[in-house]
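Report on the structure
The residues making up each chain are set out below.
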Amino acid sequence: MPRSLFSTCLFAGALVAMAPFTAMAVHADDIRSRLDVQAEAQLDVVPDRATLNARLWERTPAVARDEETTSDPTALREARDRLEERAAVLIRTLEEAGVERDAISAGSLNVQPEYLPGARASDGERETLVRTRLERPFQVKVADLERLPLLLDALTEAGVNALDGVMYDLADRDAATDEALVMALEKARHKAELMASTLGVTLGQVITVSETQSPIYAPRMMAMSADMRESAPQAEYRPGTVTIDAGVSVSWTIEP
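Figured I'd write up the structure that's included with this text. Keep in mind that what you see is a predicted model, and the values were worked out from it rather than measured.

Some details on the packing of helix α2 (residues 73-96) against helix α3 (residues 148-157)
In a packed pair of helices, the relevant descriptors are the angle between the two axes and the axis-to-axis distance. Running from N to C, α2 and α3 point in directions that differ by 155°, and their axes come no closer than 9 Å. By the angle between their axes, α2 is roughly antiparallel relative to α3. For the crossing formed where α2 meets α3, the hand is right-handed. Side by side, α2 and α3 meet where Leu-90, Thr-93 and Leu-94 of the first sit next to Leu-151, Ala-154, Leu-155 and Glu-157 of the second.

In structure tokens form, the structure reads like this:
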């Protein structure tokens, strides 16, 4: 083989052999030239809105379980008329307490059978009774939490069968979640600057940024016990605070 051709082949082989080392050097240099930071932040917010949940129901008379009597149309109509009359009273009472009609929503009518143990027959078998329960749920949106005790009194005065609790919420959830995210980003920036200052390096441009935990506001539900409902005028309904968590991962270049 001529010397020139041999030299060319040898040089090409050397380039091929050096290529992995060159790639590794570039990759290692790329790792050394960045700073990765993760940060989490917690924002405590006080709810400023609430929704009251209540239910009204009426029942038909309990009768022996029989296909011909379980769906007495007259009894059903009378129970529904009573329910609708009470619903009208409830809405009127809330409006008199200062609640706008648009803030009151009534759910769809729910009809379901209820089975009860009856008297024991001479043969020892217990008779089964059945009645029909007609129920309507109601929701009342409260924009001023200071009025919450007054509205609970109004619901009690209207004779609701059940107060299912208070759901606390925010008028502007997006603003709260945005604030939590900004806090996480500011914390990441602070950590990066602290690390860079301690290590004697200079931060460059942001390379990547991503969320490790998306900030979400979840409404807070406060259940109501029987004692609380009976002592509504004296009870205090404090919404407390709700924590919104946010997390980010940010990478910066390190200036040479």
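A look at the pattern of salt bridges
All chains considered together, the criterion is met by 13 salt bridges. Close ionic contact of Glu-135 with Arg-55 constitutes a salt bridge, the shortest N to O distance being 3.6 Å. Taken as a pair, Glu-135 in strand β6 (residues 126-142) and Arg-55 in strand β2 (residues 49-59) lie far apart in primary sequence, 80 residues in all. Among the residues examined, Glu-135 registers a relative accessible area of 10% and is labelled buried. Linked by salt bridges that have partners in common, Arg-55, Arg-59, Glu-114, Arg-131, Arg-133, Glu-135 and Asp-164 make up one network.

Thoughts on the sheet that holds strand β10 (residues 242-255)
Here we have 3 strands laid out as an open sheet, ordered β1-β10-β8, and antiparallel in their pairing. Two strands close off the open sheet at either side, each with one partner strand: β1 (34-45) and β8 (202-213). Shown here is a sheet whose adjacent strand axes are inclined to one another by a mean of 25°, direction ignored. Bridging between β1 and β10 involves 12 bridges; their strand directions are antiparallel. Paired with Arg-34 across the bridge in β10 is Thr-253. Packing against the sheet, helix α4 (residues 173-199) makes contact with β1, β8 and β10, and its axis sits at approximately 140° to β1.

Conventions we followed
- Residues numbered from 1 in each chain as written.
- Predicted model: local features only at pLDDT ≥ 70, side-chain atom pairs only at ≥ 80, totals over all residues.
- Heavy atoms only, no water.
- Axes fitted to C-alpha atoms, helices over the stretch in contact; angles between N-to-C directions.
- Helix = DSSP H or I, 4+ residues; strand = E, 2+ residues; numbered from the N terminus.
- Parallel < 35°, antiparallel > 145°, perpendicular 65-115°, else oblique.
- Left-handed = near helix turned anticlockwise from the far one by under 90°.
- Contact = heavy atoms within 4.5 Å.
- Salt bridge = Lys/Arg side-chain N within 4 Å of Asp/Glu carboxyl O.
- Buried < 20%, exposed > 50% of the residue type's maximum accessible area, 1.4 Å probe, protein only.
- Pairing = 2+ DSSP bridges.

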